Amino acid sequence: MVEKKYIFIVMCKFSHKETCTYEDQFLSWDDTVFSAKVLLKKLPLDSNQLCIFHSKNLQWKRETNFHGYLLAFINLCEKDSRIESIDILNITLVGNINKSIDLSNRSFTKPLQIKFCIFEDFLDFRNSIFQNLVDFHKSIFNASAHFNKSKFYNRTGINNCTFNKPVYFNDSEFIAEYRDSYLSFTESIFNEQANFSDTKYLGKYSDVNFQLVQFKHNIYFTASLFERHVIFNGSTFEEGNADFRSVVFENKVLFNERVQNGKKNIVSFDNVDFSNAQFKNIVEFQGTIFNKNSSFNNTVLNQSLFRNITVNSELSFIESVFGMGDFDNISLHADGRISFRGSSSNKIFTRQTNFNIKEHKINGYILFENTKVSWISKTQIELLRLLEKNGKLFFRDCEFETNVTIISYFLKGTTGNFLLFKKIFQNLSDWIELFTNGVQTSLEVDSSQKRSNEIRIKVVWLRDEDLDLFKTLSKYFFDCLNEEKDEKLTEILSEITSNDFLRSFATEENNHFPSLSLNLQRLLNDTITYFKFNIYNNKTELSIKSNLLLENNNTNLEEIYLLQIKNRIKSFQEHFGIHSNFTIEFIMGDKNSITNSQMGAVGSKAISSGHSFQQINNSFPENLDFDGIRTQLKILREHLAAQAKTPEEYQSIGEVAKAEIAAQKNDGEQVIKHLKAAGNWVVDIAKNIGIDLVVELMKNLI
């Protein structure tokens, strides 16, 4: 018969509610719970009558085998089915005689809560698995801590901790399997280096939280993978290097300022390196301070926001790739500079980029070299040119040109017909914008010309594939208006809102197309409704097929003008090679009598098609925008003066000056006369600096 041995306790003076929790725990265990004898007969007490867990005598704890008691406590908690979690609270932990707390190569199946503790010796959790909650709340690490090559499942909290020596989480995995999973280092302090390199943050259910953390030495996230949304708001990276090289961020990343207890906490970096990193979703730097060298070289930034940032040294984007970018209200101190440097195969900017910069905040300089700045709006380019003039910005070997086609249509008839035509193309513009989301393929409808019945349609694109996208989207718009069967219309909408279609031109999945199908249907319904309520004072009807049913037997001029709309649309499609079956059919009675009209066909169920109507392409000077021309001529004259070398070129500047004076007097004939005399050199300069009104005017003159 095996003799049972109980644990007898001399009371520890460290108590809560008159008892020591560790004494209570050990007292409750005996060999009836386990398959072997309990080897520990009592908890040793130090000279202050504190048990080996609560004692502050570090050397005595090492010599009295605290490490063995700690391992026994963890093992017994794991085995005892009555205990739900391993709770180590309010104690100082030391290691064995070699000053090592060895908890490596273990699998913790129960929650592990180590709170308000102090680690005085080397802590080794390497190759461990935490299958449940792990919480190191408000603990202090006075020796190095090693968690590398470990796995943390679902809920991990290392909040309000202080690491006074190096800490290692490299080659580990943090895995979020459930929606209530979390990983948080909020308000922790790293006084020595912290290594999170080659670490994987897996799952998409929860955030990775590094908010309000103080990194006071080197911090390494090198080559890590974040599948999860990660937040660094209010954290500081000072007195060391922050290494984010080759990190892959699959989800949103935030480096924004955060207000806590009325205090604004700003993200600040000393040296930071994001080279070769990939931001596949949104990354935001709001209120961030870059104090020393900051590198985003060879970095992919799919959608980035740099707002209210301060740059005190070099911030470089060499061979980077920008999707949609937004640089708003940047401050550059005297030593601050931002460099965008591309190459022959990488022009940095690939989608619409915003530069909202105020000159008085730029005390350093900005460099664009070998970049495609045509992704920046012309208005902002003009502001950047002013910075260049003042020595605060430099363009070197940059591409400014975009492809622009402008077609002007003159429509006779009532205001209703004019508004109907305008409505169709405004809705087509909105349709395209729902898809392009920053891709420089745009359509503008301008009805603010001198003549109220003239509409200008402007199509802008950068690459051939952008023009192809414009043509494809336009075809689908007209096809949907033309489709009379609801099931077929639903099929078309399903096709163009599918991930396969969207991925064919977007750089990410369906993240930025919210309620796309509903918005497309809304535009179609709006177009059709406008037909119904604005043609013939509601006397006609329009099905999804866009048939206008003329119920009256007497053909009048309104019918002729409606045919203009059809043929203007046909002309637009032919100009861009858009292949659509869209048509407007007129079902009429017999005995129609029309003379001196452009009506191509009349009679029972006659359909008019294939006829030419008045199309005015870039007509001048009758609709000349004198204000716009005058502004652009001034810009052109200043650029010419800076580049002129020969007597002939100075003579051309004189002609431009005369055209500018004529524009001030709204004298179109004199504007045309002097610009025609200015010559091809002036046209070339105008193209290079992107003043579209002058370029379009001079194309028809020279």
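The structure displayed is predicted, hence computed values, not measured ones.

Chemist: Is there a simple way to think about the overall build of the protein chain in this case?
Modeler: When helices and strands are tallied, the protein chain shows 15 helices and 48 strands. Buried residues in the protein chain amount to 54% of all 702 residues. Within the protein chain, contacts between residues at least 6 apart in sequence are counted, and of these 58% link residues at least 24 apart. As displayed, the protein chain offers around 31600 Å² of accessible surface, 45% of which is attributable to carbon and sulfur atoms.

Chemist: Sorry, what's going on with the state of the cysteines here?
Modeler: The bond known as a disulfide is covalent and runs between the sulfur atoms of two cysteines. Evaluated as defined, the whole model comprises zero disulfides. Distance from the sulfur of Cys 20, which forms no disulfide, to the nearest cysteine sulfur (Cys 51) is 3.9 Å.

Chemist: Would you mind showing me how to read unusual backbone geometry here?
Modeler: The residue Asn 90 is not glycine, and still its phi comes out positive at about 55°. The topology assignment puts Asn 90 in the loop between strand 1 (86-89) and strand 2 (92-93). Non-glycine residue Asn 105 carries a positive phi angle of around 55°. Secondary-structure assignment places Asn 105 in the loop between strand 3 (100-102) and strand 4 (107-108).

Chemist: I tried to follow the side chain of Thr 186 on my own but got confused; where do I start?
Modeler: Tracing the backbone through its elements, the reader meets Thr 186 in the loop between strand 17 (182-184) and strand 18 (189-190). With a relative accessible area of 14%, Thr 186 lands in the buried category. In this structure the side chain of Thr 186 is engaged in a polar contact, spanning 2.8 Å, whose partner is the side chain of Ser 184. Apart from the residues within four sequence positions on either side, Thr 186 is in contact with Ile 158, Asn 159, Asn 160, Asn 209, Gln 211 and Val 213.

Chemist: How should the nonpolar core be read in this particular structure?
Modeler: Buried together is how nonpolar side chains tend to be arranged in soluble globular proteins. Formed by 107 residues in total, the largest nonpolar core has its most connected members in Phe 53, Phe 210, Phe 244, Phe 255, Phe 269 and Phe 368. If you tally residues by element for this core, the top one is helix 3 (residues 66-79), at seven residues. Each residue touching Phe 368, except ones within four places of it in the same chain, is listed here: Phe 340, Phe 349, Phe 355, Val 373, Ile 376, Leu 384, Leu 393, Phe 394, Phe 395, Arg 396 and Cys 398.

Chemist: Mind showing me how you'd approach the packing of aromatic side chains here?
Modeler: For any two aromatic rings, the description comes down to two numbers: the centre-to-centre distance and the angle of the planes. Per the stated rule, a full pass over the model turns up 89 aromatic pairs. When the ring of Phe 108 is compared with that of Phe 125, the centres are 6.0 Å apart and the planes differ by 55°; the resulting orientation is tilted. Placement of Phe 108 in strand 4 and of Phe 125 in the loop between strand 7 (122-124) and strand 8 (129-130) is noted, with a sequence separation of 17 residues between them. With respect to burial, Phe 108 and Phe 125 carry one shared label: buried. Each ring, one from Phe 349 and one from Phe 355, has its centre 6.1 Å from the other, and the planes form 85°; the classification is edge-to-face. There is no split in this pair, since Phe 349 and Phe 355 are both buried. One cation-aromatic arrangement involves Lys 61 over Phe 66; the distance from NZ or CZ to the ring centre is 4.5 Å. Between the NZ or CZ atom of Lys 475 and the centre of the ring of Tyr 476, over which it lies, the distance is 5.9 Å.

Chemist: Got a minute to help me understand the pairing of strand 40 (residues 337-341) in this structure?
Modeler: Bridging between strand 37 (residues 314-318) and strand 40 involves five bridges; their strand directions are parallel. Paired with Glu 314 across the bridge in strand 40 is Arg 337.

Chemist: Any chance you could explain the side chain of Gln 211 here in plain terms?
Modeler: Tracing the chain through its elements places Gln 211 in the loop between strand 21 (208-209) and strand 22 (214-215). Engagement of the side chain of Gln 211 in a polar contact is seen with the side chain of Arg 258, the distance being 3.0 Å. Discounting chain neighbours no more than four positions away, the residues touching Gln 211 are Phe 185, Thr 186, Glu 187, Ile 231, Phe 232, Asn 233, Ser 235 and Arg 258.

Chemist: Looking at this structure, how should I read the pairing of strand 31 (residues 268-273)?
Modeler: Each regular strand shows side chains that alternate between the opposite faces of the sheet. Where strand 26 (residues 236-243) lies against strand 31, five bridges are found, and the strand directions are parallel. Bridging across to strand 31, Asn 241 finds its partner in Asn 271. Summarising the sheet, strand 31 and strand 34 (residues 294-295) pair through two bridges and their orientation is parallel. Residue Val 272 lies in a different strand from strand 34, and its bridge partner there is Ser 294.

Chemist: I would appreciate a short explanation of the pattern of salt bridges in the present structure.
Modeler: Opposite charge on two side chains allows them to pair when their charged atoms are near. Applying the stated criterion across every chain yields a total of 19 salt bridges. Across the salt bridge formed by Glu 250 and Lys 280, the nearest N and O atoms sit 3.6 Å from each other. With Glu 250 in the loop between strand 27 (248-249) and strand 28 (253-254) and Lys 280 in strand 32 (residues 278-286), this residue pair connects regions lying 30 residues apart in the sequence. Judged by its relative accessible area of 31%, Glu 250 is partly exposed. Lys 280 gets classed as partly exposed once you look at its relative accessible area, which sits at 37%. Note that Lys 475 and Asp 479 form a salt bridge whose closest N and O atoms lie 2.5 Å from each other.

Chemist: Honestly, the packing of helix 12 (residues 647-664) against helix 13 (residues 668-678) in this entry has me stumped. Any pointers?
Modeler: A pair of packed helices is captured by two measures, namely the crossing angle of their axes and the spacing between those axes. Two elements in contact, helix 12 and helix 13, have axes whose closest approach is 8 Å; the angle formed by their N-to-C orientations is 165°. Overall, the two elements helix 12 and helix 13 adopt an arrangement that is roughly antiparallel. Both helix 12 and helix 13 take part in a crossing whose hand is left-handed. Packed against helix 12, whose contacting residues are Ser 652, Glu 655, Val 656, Lys 658, Ala 659, Ala 662 and Ala 663, the element helix 13 presents Gln 670, Val 671, His 674, Leu 675, Ala 677 and Ala 678 at the interface. Its residues assigned to classes, the contact of helix 12 with helix 13 shows eight nonpolar, three polar and two charged.

Chemist: Quick question: what am I supposed to make of the environment of Lys 665 here?
Modeler: Take Lys 665: it is sitting in the loop between helix 12 and helix 13. Residues Lys 665 and Arg 630, 35 residues apart in the sequence, show an inter-C-alpha distance of 9.9 Å.

Scoring rules and cut-offs
Residue indices follow the written sequence of each chain, beginning from 1 at its first position. At least 70 in pLDDT is required for a residue's local features to be given in this predicted model, at least 80 for side-chain atom pairs to be given and counted, and no such filter applies to totals for whole chains, interfaces and linings, which use all residues. Side-chain figures throughout are based on the complete set of non-hydrogen atoms in the structure, without hydrogens or water. We count a stretch as a helix when DSSP gives it H or I for four or more residues in a row; a strand needs E for two or more, and each element gets its number in order from the N terminus. The cut-offs for exposure are 20% and 50% of the maximum accessible area for each residue type, with area from a 1.4 Å probe on protein chains only; residues under the lower value are buried, those over the upper are exposed, and the others partly exposed. Should any heavy atoms of two residues lie within 4.5 Å, those residues are considered in contact. In these tables, accessible area is a Shrake-Rupley quantity obtained with a 1.4 Å probe, and a residue counts as shielded only by the protein chains included in the view. Cysteine sulfurs are considered disulfide-paired once they come within 2.5 Å of each other. For this analysis, a polar contact is any N or O atom pair within 3.5 Å, provided that within protein one partner can donate a hydrogen and the other can accept it, and provided that sequence-adjacent residues contribute only side-chain to side-chain pairs. Working definition of a nonpolar core: buried Ala, Val, Leu, Ile, Met, Phe, Trp, Tyr and Cys residues. They are joined through side-chain atoms within 4.5 Å. Stacked, edge-to-face and tilted are the three classes for Phe, Tyr and Trp ring pairs, Trp counted by its six-membered ring, which pair at centre distances within 6.5 Å; planes under 30 degrees apart are stacked, over 60 edge-to-face, the rest tilted. By the criterion adopted, a ring carries a charge over it if an Arg CZ or a Lys NZ lies within 6 Å of its centre and within 35 degrees of its normal. Strand pairing is assigned whenever DSSP identifies at least 2 bridges connecting the two strands. For this analysis, a salt bridge means a side-chain nitrogen from Lys or Arg found within 4 Å of a carboxyl oxygen belonging to Asp or Glu. Axis lines are fitted through C-alpha atoms, for helices just across the contact stretch, and the angle between N-to-C directions can take any value from 0 to 180 degrees. When describing relative orientation, an angle under 35 degrees is termed roughly parallel and one over 145 degrees roughly antiparallel, while 65 to 115 degrees is termed roughly perpendicular and anything else oblique. Helix crossings fall into two classes, left-handed where the near helix is turned counterclockwise from the far one by less than a right angle and right-handed where it is turned clockwise. Residue classes follow a fixed rule: Ala, Val, Leu, Ile, Met, Phe, Trp, Tyr, Cys and Pro count as nonpolar, while Asp, Glu, Lys and Arg count as charged, and any other residue, Gly among them, counts as polar.

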